[in-house]
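Single-letter residue listing:
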Amino acid sequence: MTSPRILVVGSMNMDLNVYGVPKIPNFGESVVCSTYSYATGGKGANQAYAASLQGSDVTMAGRVGDDPNGRLLAENLKKAGINTDYVVFDQNAQTGLAPIMVDETGKYVSYVILGANDHLSAQDVLMAIDSDQFDMILMQLEMPLETVYRTYELAQERNIPVFLDAGPAMNIPLDRLQGLFIISPNEAEAKALTGISVDSESECLEAAKQLYERAKPQYVLLKLGSRGSCLYDGNKATIFPAFQVDAVDSTGAGDTFNAAFITRFCKGDSVEEAISFASAAAAICVSRLGAQPSIPYENEVHSFIKASDYKVSPY
Ligand code: ATP
Ligand code: RIB
């Protein structure tokens, strides 16, 4: 089986993960937490890293500052076998940084200082997009919105399907993104885009229908944290439950999910099979600390699925 060729367009951040966060402070308040660690992250870089570990042939288009964090991020991707020729070292901006506060259940809130990610341009993407015959483009929203739109238009001109991870949470016009392969928000992103809290199955369906109308994708794929995910194909919504794990840090779970999904799909899995596999990869990710350090290799996911009693078909 040949490796899927994936172009990831997106953010590269150094993450500062703070653990044992008992509460979110108010302004003027300091809250004592237990430990912290730095980890390579950023939605784009996480997705590139995860796609590579899952067996894709990955090219990364992104921007970092010409500083130690930027060099470390690029080096980490290179070590994972990713083509980093289209990672630009921006002389006028710092590398993105994300302070991430993780609670005892593994859930987190974060800030993102975009830095160089905010200078990623359509020209940067144009250089990368013609460097190979890509099977799929994976992108997110941690970059200028115009770059998101232009990336989609460049992909359309070349008939390359695009998977849009709709994070971080914001409400953007979707007119220029009509015809995406998949739009995939998490719970907060779905709320920001549609105004609907996706707490119940009927609310998931309502939000998915609205996104389907606005973006006219092939699928809407909602990521619902420990509740799993929800696929909408324009006719029906299907819930895919999450695997049961002891969650310690969900940073990068969605990124792992997206990347594992497209790798499996491009290798020939059905959408449903690819979601089940992606759910397993993401569950492993939440059971470990940090973004990129927690992303599993393909063989770990196979072993994990074998050892679990998860029914691969959705309910
Ligand atoms: P990130 O932005 O940090 O990459 P996200 O918020 O986009 O993550 P989530 O909705 O948290 O993504 O999770 C993505 C997928 O990971 C879920 O659809 C689910 O399959 C899996 N997952 C998340 N949390 C858990 C958990 N506690 N236990 C098992 N699986 C989980
Ligand atoms: O999706 C998780 C990522 O979002 C983190 O690694 C952080 O850098 C932010 O970009």
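Scroll up to find the structure this text is about.
Conventions used here
- Residues numbered from 1 in each chain as written.
- Chains lettered and ligands numbered in written order.
- Predicted model: local features only at pLDDT ≥ 70, side-chain atom pairs only at ≥ 80, totals over all residues.
- Heavy atoms only, no water.
- Phe/Tyr/Trp six-rings, centres within 6.5 Å; stacked < 30°, edge-to-face > 60°.
- Lys NZ or Arg CZ within 6 Å of the ring centre and 35° of its normal.
- Helix = DSSP H or I, 4+ residues; strand = E, 2+ residues; numbered from the N terminus.
- Expected span 1.5 Å × (residues − 1).
- Buried < 20%, exposed > 50% of the residue type's maximum accessible area, 1.4 Å probe, protein only.
- Core = buried A, V, L, I, M, F, W, Y, C linked by side-chain atoms within 4.5 Å.
- Pairing = 2+ DSSP bridges.
- Axes fitted to C-alpha atoms, helices over the stretch in contact; angles between N-to-C directions.
- Contact = heavy atoms within 4.5 Å.
- Near = heavy atom within 4 Å.
- Polar contact = N/O pair within 3.5 Å; in protein donor to acceptor, adjacent residues only side chain to side chain.
- 1 Å grid on protein atoms, 1.4 Å probe; cavity = no way out; pocket = protein on both sides within 12 Å on 5 of 7 lines; lining within 4 Å.
- Sits in = over half its atoms within 2 Å of the grid points.
- Nonpolar A, V, L, I, M, F, W, Y, C, P; charged D, E, K, R; others polar.
- Areas by Shrake-Rupley, 256 points an atom, 1.4 Å probe, with all protein chains shown as cover.

Visitor: Mind showing me how you'd approach the packing of aromatic side chains here?
Guide: Any two aromatic rings considered together are summarised by their centre-to-centre distance and by the angle between their planes. Going through the model one piece at a time under the given rule, you end up with seven aromatic pairs. One Lys or Arg, arginine 264, reaches over the ring of phenylalanine 277 and ends 4.8 Å from the middle of that ring.

Visitor: How should I be thinking about helix 7 (residues 253–266) in this particular structure?
Guide: What sets the pattern is the α-helix's 3.6 residues per turn: residues three or four places apart point alike. Counted at 1.5 Å a residue, the expected span for helix 7 with its 14 residues is 20 Å, and the 20 Å between its end C-alpha atoms agrees. Of all 14 residues in helix 7, eleven are buried; the element is thus mostly enclosed. Buried residues of helix 7: Ala253, Asp255, Thr256, Phe257, Asn258, Ala259, Ala260, Phe261, Ile262, Thr263 and Arg264, and no others. Taken from the residues just after helix 7, glycine 268 is the one with a positive phi, measuring 115 degrees.

Visitor: Teacher, can you tell me more about the nonpolar core here?
Guide: Side chains that are nonpolar tend, in soluble globular proteins, to be buried together. Counting residues in each nonpolar core, the largest one holds 45 residues, and the members touching the most others are Met12, Met60, Phe261 and Ile275. When residues of this core are traced back to their parent elements, those giving at least two are strand 1 (5–9), helix 1 (43–53), strand 4 (57–65), helix 2 (68–79), strand 8 (136–139), strand 11 (219–223), helix 7 and helix 8 (271–286). If you tally residues by element for this core, the top one is helix 8, at ten residues. Ala61, Leu154, Ile160 and Leu211 belong to the second largest nonpolar core, which has 41 residues in total.

Visitor: What am I meant to see in the sheet that holds strand 5 (residues 83–90) here?
Guide: Paired through backbone hydrogen bonds, the strands of a sheet run either parallel or antiparallel to each other. Judged by pairing direction, the sheet is mixed, and its nine strands sit side by side in the order 5-4-1-8-9-10-11-12-13 without closing on themselves. What marks the edges here is a single partner per strand, and that holds for strand 5 and strand 13 (237–240). The average angle at which neighbouring strand axes cross in this sheet is 15 degrees, direction not considered. In this sheet, strand 13 lies alongside strand 12 (residues 229–232) in antiparallel orientation, the contact comprising four bridges. What sits directly across from serine 229, in strand 13, is phenylalanine 240. Seen against the sheet, helix 1 touches strand 1, strand 4, strand 8 and strand 9 (162–165) and runs at an angle of roughly 155 degrees to strand 4.

Visitor: Any chance you could explain the sheet that holds strand 7 (residues 108–110) here in plain terms?
Guide: The strand order 3-2-6-7 describes an open sheet built from four strands, whose pairing is mixed. Sheet topology places strand 3 (35–41) and strand 7 at the edges, where each strand pairs with a single neighbour. Within the sheet, the average angular offset between the axes of one strand and its neighbour, ignoring direction, is 25 degrees.

Visitor: What exactly am I supposed to notice about the site of ligand 2 here?
Guide: The full set close to ligand 2 counts 14 residues, and Asp15, Gly42, Lys43, Glu142 and Asp255 are the nearest of them. A distance of 2.9 Å is found between an oxygen atom of ligand 2 and a side-chain nitrogen or oxygen belonging to lysine 43. Here an oxygen atom of ligand 2 and a side-chain polar atom of glutamate 142 are 2.8 Å apart. Given that more than half its atoms are within 2 Å of the pocket grid, ligand 2 belongs to the largest pocket. Split by residue class, the shell around ligand 2 holds four nonpolar, six polar and four charged.

Visitor: Explain the site of ligand 1 to me, please; I cannot follow it from the model alone.
Guide: Taken together, 24 residues lie near ligand 1, and Tyr108, Asn186, Gly225, Gly228 and Gly254 sit nearest. In this structure, glycine 252 approaches ligand 1 through a main-chain N or O atom, which is 2.9 Å from an oxygen atom. Taking aspartate 255, its main chain carries an N or O atom lying 3.0 Å from an oxygen atom of ligand 1. In isolation ligand 1 has 630 Å² of accessible area, and contact with the protein removes 92% of it. Where the shell around ligand 1 is concerned, the elements lending two or more residues are helix 7 and helix 8. Partitioned by chemical class, the residues of the shell around ligand 1 number eleven nonpolar, ten polar and three charged.

Visitor: Explanation requested: the side chain of aspartate 90 in the structure shown.
Guide: Mapped onto the fold, aspartate 90 is located in strand 5. Of the residues examined, aspartate 90 reaches a relative accessible area of 7% and is grouped as buried. Looking at aspartate 90, its side chain comes within polar contact range of the main-chain nitrogen of alanine 93, at 3.4 Å. Aside from chain neighbours lying at most four places away, what touches aspartate 90 is Arg63, Val64, Gly65, Asp66, Ala116 and His119.

Visitor: Just checking my understanding: could you explain the side chain of serine 52 for this structure?
Guide: In this fold, serine 52 is placed in helix 1. Residue classification places serine 52 among the buried residues on the basis of a relative accessible area of 15%. Once residues within four sequence positions are removed from consideration, serine 52 is found in contact with Val58, Ala80 and Ile82.

Visitor: Explain the environment of glycine 252 to me, please; I cannot follow it from the model alone.
Guide: Position of glycine 252 among the secondary structure elements: in the loop between strand 13 and helix 7. In this structure, the C-alpha to C-alpha distance between glycine 252 and glycine 290, residues 38 residues apart in sequence, is 7.6 Å. Each residue touching glycine 252, except ones within four places of it in the same chain, is listed here: Asn46 and Cys285.

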